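Architecture and fold: a report
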Amino acid sequence: RWKELIAITDDYVILDVRTAEECNEGIIPEALQINFLASHDFVSAVASLDKSKTYFVYCRSGNRSAQACNYMSVQGFETYNLMNGIMGWDGEIVSS
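Counting restarts for each chain: residues are numbered from 1 in the order of the written sequence. Confidence filtering applies because this is a predicted model: local features only for residues at pLDDT of at least 70, side-chain atom pairs given and counted only at 80 or more, and all residues used for totals across whole chains, interfaces and linings. Side-chain descriptors were evaluated using all non-hydrogen atoms of the structure, hydrogens and water having been removed beforehand.

Focus: the state of the cysteines
Cysteine sulfur atoms are paired as a disulfide whenever they come within 2.5 Å of each other. Under the definition given, this model contains zero disulfides. Cys23 forms no disulfide, and the closest cysteine sulfur to it belongs to Cys59, at a distance of 11 Å. Whether a residue is buried, partly exposed or exposed follows from its accessible area with a 1.4 Å probe, protein chains only, as a fraction of its type maximum: under 20%, in between, or over 50%, in that order. Judged by relative accessible area, which is 5%, Cys23 ranks as buried. Distance from the sulfur of Cys69, which forms no disulfide, to the nearest cysteine sulfur (Cys59) is 9.2 Å.

Here it is in structure tokens:
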């Protein structure tokens, strides 16, 4: 469903909310990385994002990204969480 939504969405950002160490294991191509666990940095980074775009958010298992989506939705963003995170992703992964 996530891939299908990306395919039909014009202006979107893929957002990786894992730590830098986790991202070293590989990321979804063109993903923007903002560490959800660094809460102050996360809040500041989200505040600078463009609310007119749609955000496809993922983490390792889908838990942190669900929390990030909830926070971003309250802030006025349109978000979609990748259920099961990158562990359940069957698409391309590249080096960060």
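Continuing now.
Remarks on the environment of Thr19
Every helix listed is a DSSP run of H or I at least four residues long, and every strand listed is a run of E at least two residues long, numbered separately from the N terminus. Checked against the element boundaries, Thr19 lands in the loop between β1 (12-16) and α2 (20-23). Each C-alpha atom of the pair Thr19 and Gln33 lies 8.2 Å from the other, and the pair is 14 residues apart in sequence. Aside from chain neighbours lying at most four places away, what touches Thr19 is Gln33, Asn35, Leu37 and Arg64. By the convention used here, residues are in contact when the closest approach between their heavy atoms is within 4.5 Å.

Let's talk about the pattern of salt bridges
For salt bridges, the criterion is a side-chain nitrogen of Lys or Arg within 4 Å of an Asp or Glu carboxyl oxygen. Across all of its chains, the model carries four salt bridges by this definition. Here Asp90 makes a salt bridge to Lys3, at a shortest N to O gap of 2.6 Å. A residue pair is termed long-range when its members are at least 10 positions apart, and Asp90 in the segment after β4 (78-81) and Lys3 in helix α1 (residues 2-8) qualify at 87 residues. For the salt bridge of Arg18 with Asp16, the shortest nitrogen-to-oxygen distance reads 2.7 Å. Each member of the pair, Arg18 as well as Asp16, is classed as buried.

A few points about the packing of helix α3 (residues 39-47) against helix α4 (residues 63-74)
Helix axes are fitted to C-alpha atoms over the stretch in contact, other axes to C-alpha atoms as well, and angles between N-to-C directions run from 0 to 180 degrees. Following both chains from N to C, one finds α3 and α4 inclined at 45°, their axes separated by 11 Å at the closest point. Here α3 lies oblique to α4, going by the angle between them. The hand of the α3/α4 crossing is right-handed. When α3 is examined against α4, the residues Phe42, Val43 and Val46 are found in contact with a partner set consisting of Ala68, Tyr71 and Met72. A class-by-class count of the residues in the contact of α3 with α4 yields six nonpolar, no polar and no charged. When describing relative orientation, an angle under 35 degrees is termed roughly parallel and one over 145 degrees roughly antiparallel, while 65 to 115 degrees is termed roughly perpendicular and anything else oblique. Helix crossings get a hand from a simple test, with the near helix turned counterclockwise from the far one by less than a right angle marking a left-handed crossing and a clockwise turn marking a right-handed one. Classification used: nonpolar for Ala, Val, Leu, Ile, Met, Phe, Trp, Tyr, Cys and Pro, charged for Asp, Glu, Lys and Arg, polar for all others including Gly.

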